[in-house]
Each structure stands twice: as structure tokens, then as C-alpha cells.
Amino acid sequence: MNHWIAAPIILPALVAPFIVLAARYHIGIQRVLSVAGVLALIAIAFGLALQAFDGTITLYQMSDWSAPFGIVLVADRLSTMMVLLTAVLALFVLLYAIGSGWDNRGWHFHALYQFQLMGIMGAFLTGDLFNLFVFFEVLLIASYGLMIHAGGNARLKAGVQYVLFNLIGSTLFLFALGSIYAETGTLNMADLANRVAQIGPEATVGIRVAAVLLLLVFAIKAAVVPLHFWLPSSYAEAPAPVAALFAIMTKVGAYAIIRVYTMIFSPDLAATAGLHGYWLMPAALVSLAIGMTGVLAAKHLDRLVAFSVIGSMGMVMVSIALFTPAGIAAALYYIVHSTLAGAALFLIVDLVRTGRGSLTLTPQAVLAGNALTAAMFFVGAIAMAGLPPLSGFLGKLLVLNASYDSPQMVWIWAVVLGSSLISIVGFSRAGSILFWKAHSVTPEAEAEVMARPHALSYVAVGGLVTLLVAHTVFAGPVHSYTTTMAAQLFAPQPYISTVVDTPGKLSIPKTGDH
Amino acid sequence: MEFLVASAIGILTAGGIYLTLRLRTFPVILGVSLLTYAVNVFLFASGRLTVGAPPILRDGVSTYTDPLPQALVLTAIVISFGMTAVVVMIGLGAFLGSDDDHVDDQPQTDEDRSEDAS
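Residues numbered from 1 in each chain as written. Chains lettered and ligands numbered in written order. Predicted model: local features only at pLDDT ≥ 70, side-chain atom pairs only at ≥ 80, totals over all residues.

Trainee: Would you mind showing me how to read the overall build of chain B here?
Mentor: A tally of helices and strands in chain B yields 4 helices and 0 strands. Moving toward the C terminus, one meets the helices and strands of chain B in the order α-α-α-α. Counting over 118 residues, chain B shows a buried share of 25%. (Helix = DSSP H or I, 4+ residues; strand = E, 2+ residues; numbered from the N terminus. Buried ≥ 20, exposed ≤ 12 C-beta atoms within 10 Å, placed from the backbone.)

Trainee: Can you help me understand helix 1 (residues 2–20) of chain B in this one?
Mentor: Its 19 residues place the ends of helix 1 of chain B 27 Å apart at the C-alpha level, agreeing with the 27 Å of an ideal helix rising 1.5 Å per residue. Of the residues making up helix 1 of chain B, those classed as buried are I9, L12, G16 and T20 of chain B. One side of helix 1 of chain B carries all its buried residues, which in axial view fall inside an arc of 70°. What points out from helix 1 of chain B, more than 90 degrees from its buried face, is the exposed set F3, L4, S7, G10, I11, A14 and Y18 of chain B. Against helix 6 (153–184) of chain A together with helix 2 (25–45) of chain B lie the buried residues of helix 1 of chain B. (Expected span 1.5 Å × (residues − 1). Arc of directions from axis to C-beta. Contact = placed C-beta atoms within 7 Å.)

Trainee: Is there a simple way to think about the environment of V309 of chain A in this case?
Mentor: Residue and element names in this part refer to chain A. The residue V309 is located in helix 12 (residues 301–321) in this model. Residues V309 and L288, spaced 21 residues apart in sequence, show a C-alpha to C-alpha distance of 9.5 Å. Beyond its immediate chain neighbours, meaning those up to four positions away, V309 contacts L231, Y235, A247, T250 and G342.

Trainee: I keep staring at the interface of chain A and chain B and nothing clicks. Help me out?
Mentor: Accessible area lost on assembly of the parts is the figure often given for the size of an interface. In this complex, chain A contributes 29 residues to the contact, which on the side of chain B involves 33 residues. Only helix 5 (129–147) and helix 6 of chain A provide two or more residues apiece to the side of chain A that touches chain B. Here the element with the most residues in the side of chain A that touches chain B is helix 6 of chain A; it accounts for 17 residues. Here the residues of the side of chain A that touches chain B sort into 17 nonpolar, 9 polar and 3 charged. (Nonpolar A, V, L, I, M, F, W, Y, C, P; charged D, E, K, R; others polar.)

Trainee: Sorry if this is basic, but what is going on with the confidence of the model for chain B here?
Mentor: Detailed reading of the predicted coordinates is not advisable wherever pLDDT falls low. Residues and elements named next belong to chain B. Mean pLDDT over chain B: 86, with 90% of residues reaching 70 or higher. Looking across chain B, the model is least confident in helix 4 (residues 110–116), with a mean pLDDT of 50, and most confident in helix 1, with 94. Note on residues 114–118: pLDDT under 50 across the span, and 7 contacts to partners over four residues away in sequence or across chains. This prediction of the complex comes with two scores: 0.93 for pTM and 0.91 for ipTM. (pLDDT = per-residue confidence, 0-100.)

Trainee: Would you mind going over the UniProt feature "transmembrane region" (unreviewed entry) in chain B with me for this structure?
Mentor: With numbering aligned to this structure, UniProt lists the feature "transmembrane region" (unreviewed entry) at residues 26–51 and 72–96 of chain B. Structurally, residues 26–51 of chain B comprises 77% helix and 0% strand, and the distance from its first C-alpha atom to its last is 37 Å. (UniProt positions renumbered as here; feature names shortened; annotations may be inferred.)

Trainee: In this structure, what is going on with the packing of helix 15 (residues 391–402) of chain A against helix 16 (residues 409–436) of chain A? I would like to understand it.
Mentor: A pair of packed helices is characterised by two quantities: the angle between their axes and the separation of those axes. Residue and element names in this part refer to chain A. Where helix 15 contacts helix 16, the axes come no closer than 10 Å and their chain directions differ by 160°. Classed by the angle they form, the pair helix 15 and helix 16 counts as roughly antiparallel. Regarding helix 15 and helix 16, the two cross each other, and that crossing is left-handed. On the side of helix 15, the interface is formed by K396, V399 and L400, while helix 16 contributes W413, V416 and S420. Here the contact of helix 15 with helix 16 is built from residues that sort into 4 nonpolar, 1 polar and 1 charged. (Axes fitted to C-alpha atoms, helices over the stretch in contact; angles between N-to-C directions. Parallel < 35°, antiparallel > 145°, perpendicular 65-115°, else oblique. Left-handed = near helix turned anticlockwise from the far one by under 90°.)

Trainee: So what exactly am I meant to see when it comes to unusual backbone geometry here?
Mentor: Trans is the common state for peptide bonds, and a negative phi is the common state for residues other than glycine. Residue and element names in this part refer to chain A. Along the chain, A67 connects to P68 via a cis peptide bond; the corresponding omega equals 0°. Relative to the assigned elements, P68 resides in the loop between strand 1 (58–61) and strand 2 (72–75). V225 connects to P226 through a cis peptide bond whose omega is 10°. Its location among the elements puts P226 in the loop between helix 8 (205–221) and helix 9 (231–237). For S63, which is not glycine, the phi torsion reads 55° and is therefore positive. One can find S63 in the loop between strand 1 and strand 2. Non-glycine residue H108 carries a positive phi angle of around 60°. Among the secondary structure elements, H108 is positioned in the loop between helix 3 (77–100) and helix 4 (109–125).

In C-alpha cells:
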């Protein structure tokens, strides 16, 4: 058995307590340990992604208990890609946190950060629904700590909202799990896929309720309208590096929807057919429209970026809700793009805050480090609004192409193109107010001079922007890889048989074994 | 017994939702606690209701109760307990700091924000 699959979860779980216990008063040692941990995580994630590249599905049985009795970790193309994306994002966000000094404005930033990574990695790798709940809770409880890092009344108030919303989401998740267990007697995803398919057409009431409840839970995580209300305040008030890391958290919801609704409640399952077409698609289109309208309506730069995250999640969900291999492939390409672009924009917001002192979208004196910050905002905004030449444009093109044969094609094209126009107007308005109109304002004589952001901050943002450019340049190979990923998702039989048939303790003996 | 358990879950959930919709920290936290109690009982019942049956294999016993929901419920209780403690602390901090216990966004002025930004 290959033990490396457990490493992305175990490593942060060991680094975090070590930071708390051994280095709690030494920010320097904490930084070294944290960066070393994330670098090792990238190496492991890269190795796992290479291993899964040719379509191998690797299984890890905790304590050798066979599924469905034990808990399993499964690494296939999709989960290893998400793990790698998380690890790479974590490195740049961590560098920014160190460069800008955010990690030293409160206690235990690095420990909480590692716990957060542990939860996210676990959610991507687990093959068990209850375990998915547990990892959701791990990543949430770490995110509660990170969200209110450095304190402040506005942040605490937003934190209360965020925690309460997610507590209610967790309760719903438990209701969904209870109904699934009552209907099928298992919570292992592969085993569930087998058993749900065997439920007769007259007894589907319970499982249909469970499918809808589960979709609601994941939609809360993915911030799909009308379940997005937690996002704008908490992302805007959270410390910038934390908000940037949270860019991957909405993707955890999208990942869970892709995983559960391709394998367990697959599109051709009669009981839940139509769930995505009738419910998810309109909700996704509305999220896209509302998110991008929010970009235009926002009065503060941080809210603007938070709404653009809702809009880009809407785009991801539109593509997922098609539930065709082409749609999922486009969604996966867009997920990578939107994570990097969202994170970069949240960090740029903090660069503006450092150089200007305020995020209000009104003309004010020129901010410190104007030219470089403006250039980075320009690139980030182009990527997020989906203008050529960056990956946002390519991703949008893939989504439009995937929806060409859909019966809702007119709606999808109208909303995607219309919302793009609105977001372009919103971003260019914000950019011109922040960076151009500033030159027409004469600064007050005794105005305090704001410090320029630290060089490492620019390195971190520049790294994310470079990754965005690379994601554009290598769009061809990346998209063909996400296409094979989607093909693997739509043929779940190898996954299911790997999980269910691998022998371990307590496995059901095959005929002829004895 | 089914009726009693089902109505207990229903009443707890209804009370929880009502309190959650009050949008002030204290009732909302109480409401979320009620919801977690409801979901704990619900999870417990998801393995079917059996009285006085052992969960572990034993000689001479023909009816068993499902042990898995008990393990699930234990995890759920621990997690919801911890989460409630966290939200009480954050809520208390927010209330003491801003002297306001609304959970929803209140209209904000720009002065508020620049004061709090750090």
C-alpha cells in the first residue's frame, strides 16, 4: 500500500502542533517551519499528481480496514490536481503573509494555517462522506481562527456571521448524512454509488431528499445564490492572506458537487435526474449575474473582489450544472483560473490598503507604490473579468463552447456575455478611480506618508500572476488533462471497484477464496 | 416510540429555526444549539429504533442495534459542542467590542471602516 496519499493530511497535522508547542514565541522559526511544511507539501502533491497522471487510482485504507467498514483515502486525477493547486496557492499566500507581516499581528497564524491546509487536503482526498464532513469541520474551525486573526470589531462581527452560517450548514450536512445512512446503510462514496443504483423506483423518496440536502450543503460552501450571504462580509473583513487562501474554500464545495453528483447521484440516475438542470443551473446563472452586478455596485474594493468571487463561482457552477464531460472539463479549467485570480486580487486589495490606508472607491491621493500595484491590479482584473489574452477569457470560451448543445444555451450565453460586460465596466471603474484619478487629487500637506509594501509581498502576488499567465500559455495541455479528468469522472467504475474490491481486514470473502 | 422521537426532532428543529431567525447573537446561538440537538437525535434514529438490543455480536442474540450511528453521533456531538463554544467566544468578543449583538449587516459608514481597519 502506498502511504504517500496520507502525507498531505498528516504533514500539516504534525507541523501545526509542532509550531504551537515548540515555536510559539519565535515568529522567525514559525515562518521557517511553515514555509518548509508547505514546500514539502508541494513536492508530495506533485508526486501524487504524477502518479495519477496516467489515470491510476490509488487507494489508502486506514489501518488496513477494507471499505466500506474502514475509512479510505482515494487519489485520482481530480483530487490530486486539487491537492496540488491548494499546495501551490498556499505557498504564495504564505509568502505574502510573511512579507506583509500579517502573520505577526495576532497569535498562532502559522499553526491555524497548517490546520486549515490539513482540512482542505483531507476534503479533497477522502473517499467517505462522513469523513468529508469531519474534514469540512477541521477546515472550518481553522478558518474561524484565521478569519478573526488580528481582531478588530468589524472583523469579529463578520466572524460571528461566518461561523453561524457555517454551523447551520454543518447541521444540514448531518441531516443529509443521516438520511443517506438511513436509506442505504453506508457512507462510503463508492459503496453508496453501488447501493443508490439498486434502489427501486418506488422507494426513492428518502434518497431524493438526501440528494437535495447534500446539494444545498455544498452550494453553501460554493456560495451559490441564494446561499451566498456569508461570503461578501467575511471575505472582505478577513485578513488579506486569509481571504486569498479562502479562494480555494469555495472550490471545495464545487469539488464535492462534482465528486458526489458524478459518482453517487450520477446524471443518468432516474431518481435524481433533473436536479442539476432544474435547480442548479438557474441558481448558477443568478449567482453569475448577481456576483458581477455586485462588482459594479461595490463601494469598497474588498467587497468588489468578494463579489467577483461569487460571480466566478457562478461561472464554475454553470459549467458544472451542464453535467456533460465537456462542461466538467471546462469547469475544472476555470476552477484553477478562478482560484489563482481570486487569490491574487485579494492580495492586491491589501497592497492598495497598505499604500493608501483606505479601500473606499473615491479619488484620493496617489498611493505608495502606485505603478506596480496598478499593473498587478490591471492583470488581475483582466483575468477575473475574462478579457483576452488571459485564462479567464479561455475558460469562458470553453464554458460557452460546452454549453453550445445545451437546451438552455440561449440563457447561458446571454448571462455569461452580459455579466462579463458588467464586470468589465465594474473593474475598469474601480481601477481608474484608484490609480488614475488619484493623480488629479493634490495631497494634503500634513498627510501621513504611507509605507510602500514589502518586496516579498510583490513577489507573492507576482508569483500568482505568473501562474495565471502560465495557465493561459499552457491552456492546451491543461485543458486536455481536465478532459481526461472529466472522462475518468464519468466512468466511475474503476474508482468504485478499486475502493470496494481491494482486500483488507474484514473484506467480504469472494467465492472460491476459502 | 417512532411518533415521540419524530415529533421531538420536529419540535427541536422548528424551535431552532425560529430562534435562528431572530438575528441577535444570543437567540441565534440557542437556536443553533437546538438544531444540533435535533440532528443528533435524527442521526441516532437513522440506524432504526431498537430498544434494549446489544450493538456488539454476542452468542444467543438475534436482534441487534446498529452501532455505527452511535459512533457518528458521538463525533457530531463533540464537533457541535466545540463549534458552539467557539461561536460563543467570538460573539461575546464582537458584542463587547461594538456594543451591538445584531448578526446581520448593519448600515456602515466609511468612518466605521477606516477606524476598524487594521
